[in-house]
Every structure is written in structure tokens, then in C-alpha cells.
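# Per-entry structural report
The primary structure of each chain is shown beneath.
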Amino acid sequence: MTQALPLALKRSLVFLWLVFLLLLALVLGVALGAVSLPVGEVVSALLGLKENPIVTEMRLPRVLGGMLAGAALGARPLTSPAPAKEQDSRQPNGPL
């Protein structure tokens, strides 16, 4: 019989998986474009091992801006609660 993983370990694994997917989306977002760049070249430019102005000056700001906008849109419901439904005092609460 298998034992279930502790909740903290499950959350850590999910977090690591999401970070991996985010980094993969970053690399693919920078690599793909009108002119495709090899993934190795993109990774070396992101790590600072090789200079590539297409990556650092053109594509990386676009991808990071998109990720920031996506994070802001995802966090929006957390920062402002849904408006409360106002009841009209002249109408009954149930269906007619």
C-alpha cells in the first residue's frame, strides 16, 4: 500500500512544477519569434554567458511584460472583492 505525501511536500512539488513551467514559457517565449533562435543560445544569453541583443533588448522585455500583465490579471480577484448584490426592498426575496 502506498502512503500519501504530506501536504507541505505536495505544495512544494506543485510550486516547483509551476516554477519550471514558468521558466519554460520564458525561454520559449524568447526563442520563438519572426526569427527563431536556438534554445541553447537563448539560455546562454539569459544567464549572461553570451551577449545577444535580440534576446536582451527586444524579446526579453516583451516576454517579461506579458508575464507581469498575466500575473496582475491573475491577482486582480484577490485584491478586490466582488461587489455585493443589492436587494430591492420592494420585491420579495424568492421567485415570483
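Above this text is the structure in question.
Residues numbered from 1 in each chain as written. Predicted model: local features only at pLDDT ≥ 70, side-chain atom pairs only at ≥ 80, totals over all residues. Heavy atoms only, no water.

## Things to note about the overall build of the chain
What counts, and what does not: To qualify as a helix, a DSSP run of H or I must reach at least 4 residues; to qualify as a strand, a run of E must reach at least 2; elements of each kind are numbered from the N terminus. Buried, partly exposed and exposed residues are distinguished by accessible area as a fraction of the type maximum, computed with a 1.4 Å probe on protein chains only: under 20%, between the cut-offs, and over 50%, respectively. For the area figures, the Shrake-Rupley method with a 1.4 Å probe applies, and any residue is considered shielded solely by the protein chains shown.
Across its full length, the chain carries three helices and zero strands. Starting at the N terminus and walking to the C terminus, you meet the elements of the chain as α-α-α. Of all 96 residues assigned to the chain, the portion counted as buried reaches 14%. When the accessible area of the chain is evaluated, it comes to approximately 8,300 Å², of which 69% is carbon and sulfur surface.

## Some points on helix α2 (residues 39-47)
The α-helix winds at 3.6 residues per turn, so residues separated by three or four positions along the chain end up facing the same way. Definition in use: Think of it as the arc spanned by the lines of direction from the helix axis to the C-beta atoms.
Residues of α2 that are buried include every one of V42, S44 and A45, and no others. The buried side chains of α2 occupy one side of the element, clustering within an arc of 165° when seen end-on. In α2, those exposed residues whose orientation departs by more than 90 degrees from the buried face are G40 and L47. With its phi angle positive at about 85°, G48 sits one or two positions after the end of α2.

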